[in-house]
Amino acid sequence: MVVEMLEPSTKIKRSFYAAKDLYKYRHSYPNYKESRRANEYRNLRFYLNKIPLVPDGIYVEEILNKWRGDYDKLEHNHTYIQWLFPLREQGLNFFAQELTQDEIKEFQSTREAKRRFLLAYTIMLDFFGMKLLDKNGNVERAANWKDRFQHLNESQHNYLRITRILKSLGELGFEAFKSPLVRLLLKESLVEGTLPNMRHSALEYFVYTLRDRAQRRALLRYAQRHYQPPENFVWGPPRRRRPAGAGVVAVGVTASGREPSGARRRSPPHEGLGGSSRGGSRGHGSPPGAERAVEEEEEEDDEEEEDGRDGGIGGGGGGRRGRGESRTRMEGRGEDRGQEDEEEYIETIPL
């Protein structure tokens, strides 16, 4: 049963901060410079139970053995999450050390650390009202889901924790675990209506932690089918709008029924959302010239998808746009190359 939920009258917009943050994460933090200080592997040593988390002085074995089901402690303690789910970025606990590339490689090759990391993941799933089903990362509601979902729906700071957990899963070798979790959260927020306050975070943050573009596209398609009201769904390319009174341009055909060489047929608008995968945030107030350029490059988008490239970054994932003819055509039709930086990071995936 699809739950109908009305949005405020204000127009929904993508978050530039979220898009930029997750773009950097998915692309392994381009231009990131690691600290010159000696790599102490503190995250790995914590997971090997050799050092406690700071500042609380608690070892990982104590958390794994005594904190499961202690929801008050998991809710109100804000220093453990950076240690249990480390990232290559600074969190609120400045005593926690950022991951490094060398430490990530060492962590992924250490069975004991990975075993404890998965146990920590199951503790947090239980805290949220879910459980891990298998080694493939599939999840479902836990027996305590009603109470925990009600709490999760009302404690939106936990959405930051979920984003961190998803990122850390990807860093430490469990990228495949992310899609099942995000899909369940989309289902609960959009279809079942048990987590209505989460749906924006799920679409703006959780989906875009996935590094595989095809997986992101599948999740966005799923979300689009259930999102209400559908016209407020902004996590794909904008719907193309044809100018009033404009008709379909006829294209001549040969006696065999084929188009003559060099002729181009304007593709009809897709049902729901359509457009180029490289259109950035255009369409939410974009110039008409840019929309026409997006329409004319749809055929090249299909070729990009076959290559498996992450070409949905406007201005950043050039893909096949490097052809001189395409670039000249787009520039000649009024695309403003000096628009806001948002277009480099806000991804629009053709649905």
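Keep in mind that what you see is a predicted model, and the values were worked out from it rather than measured.

### As for the overall build of the chain
Tallying secondary structure elements over the chain gives 16 helices and 2 strands in all. Across the 351 residues that make up the chain, the buried fraction comes to 48%. Taking the intrachain contacts of the chain between residues at least 6 apart in sequence as the baseline, contacts between residues at least 24 apart amount to 71%. Carbon and sulfur atoms make up 48% of the accessible area of the chain, which totals about 17800 Å².

### Quick word on the environment of Lys131
With respect to the helices and strands, Lys131 occurs in strand E1 (residues 130-132). Not counting residues up to four positions away in its chain, the partners in contact with Lys131 are Leu125, Asn138, Val139, Glu140, Arg141 and Ala142.

### Some points on the packing of aromatic side chains
Under the counting rule described, the total for this entry stands at 17 aromatic pairs. A centroid spacing of 6.2 Å and a plane angle of 85° characterise the contact between Phe107 and Phe117, whose relative ring orientation is edge-to-face. Here Phe107 is found in helix H6 (residues 101-108), whereas its partner Phe117 is found in helix H7 (residues 111-128), with 10 residues between them in sequence. Given a relative accessible area of 0%, Phe107 falls into the buried group. Taken together, the aromatic side chains of Phe46, Tyr47, Trp83, Phe85, Phe107, Phe117, Tyr121, Phe174 and Phe177 make up a single cluster linked through ring pairs. The ring centre of Tyr25 lies 4.3 Å from the NZ or CZ of Arg211, which sits over that ring.

### Thoughts on helix H1 (residues 16-26)
Turning to H1, its buried residues number three or more, namely Ala18, Ala19, Asp21, Leu22, Tyr23, Tyr25 and Arg26. Downstream of H1 by one or two residues, Ser28 has phi in the positive range, about 60°.

### Observations concerning unusual backbone geometry
In this structure, the amide linkage connecting Val54 to the following residue, Pro55, adopts the cis form with an omega of 15°. Counting through the fold element by element, Pro55 comes out in the loop between helix H2 (42-47) and helix H3 (60-66). In this structure, Tyr41 takes a positive phi of about 50° despite not being glycine. For Tyr41, the position within the fold is in the loop between H1 and H2. Although it is not a glycine, Asn49 adopts a positive phi angle of roughly 65°. As for its position among the elements, Asn49 is in the loop between H2 and H3.

### Focus on helix H11 (residues 199-206)
With 6 of its 8 residues buried, H11 lies for the most part within the structure. Here H11 has its buried residues at Arg199, Ser201, Ala202, Leu203, Glu204 and Phe206. For H11, the secondary structure elements touched by its buried residues are H1, helix H9 (158-171), helix H10 (178-192) and helix H12 (213-226).

### A look at the packing of H10 against H12
Between H10 and H12, the shortest axis-to-axis distance is 10 Å and the interhelical angle comes to 10°. Put simply, H10 runs roughly parallel to H12. Here Ser179, Val182, Arg183, Leu186, Lys187, Leu190 and Val191 of H10 lie close against H12, whose contacting residues are Gln215, Leu219, Tyr222, Ala223 and His226.

### Details of the pattern of salt bridges
What the rule picks out here adds up to 13 salt bridges. Between Lys73 and Asp70 there is a salt bridge, and its shortest N-O distance comes to 4.0 Å. A relative accessible area of 34% means that Lys73 is categorised as partly exposed. The salt bridge partner of Arg141 is Glu188, with a shortest N-O separation of 2.8 Å. Placement of the pair is Arg141 in strand E2 (residues 139-141) and Glu188 in helix H10, with a sequence separation of 47 residues. A residue is classified by how much of its surface remains accessible, and Arg141, at 27% relative accessible area, is partly exposed. Overlapping salt bridges, with partners in common, bring together Arg88, Glu171, Glu175, Lys178 and Arg211 in one network.

### Here we look at the confidence of the model for the chain
Do not read the predicted coordinates in detail wherever pLDDT is low. This prediction gives the chain a mean pLDDT of 76; 64% of its residues lie at or above 70. Segment residues 1-9: pLDDT under 50, and 24 contacts once partners within four positions in sequence are set aside and those in other chains are kept. Note that residues 248-340 has pLDDT below 50 and, in this model, 148 contacts with residues that lie over four places away or in other chains.

### With respect to the environment of Tyr345
Summarising the element assignment, Tyr345 is placed in helix H16 (residues 342-345). Sequence separation of Tyr345 and Tyr23 is 322 residues, and the distance between their C-alpha atoms is 6.1 Å.

So, how was this worked out
Residues numbered from 1 in each chain as written. Predicted model: local features only at pLDDT ≥ 70, side-chain atom pairs only at ≥ 80, totals over all residues. Heavy atoms only, no water. Helix = DSSP H or I, 4+ residues; strand = E, 2+ residues; numbered from the N terminus. Buried < 20%, exposed > 50% of the residue type's maximum accessible area, 1.4 Å probe, protein only. Contact = heavy atoms within 4.5 Å. Areas by Shrake-Rupley, 256 points an atom, 1.4 Å probe, with all protein chains shown as cover. Phe/Tyr/Trp six-rings, centres within 6.5 Å; stacked < 30°, edge-to-face > 60°. Lys NZ or Arg CZ within 6 Å of the ring centre and 35° of its normal. Axes fitted to C-alpha atoms, helices over the stretch in contact; angles between N-to-C directions. Parallel < 35°, antiparallel > 145°, perpendicular 65-115°, else oblique. Salt bridge = Lys/Arg side-chain N within 4 Å of Asp/Glu carboxyl O. pLDDT = per-residue confidence, 0-100.

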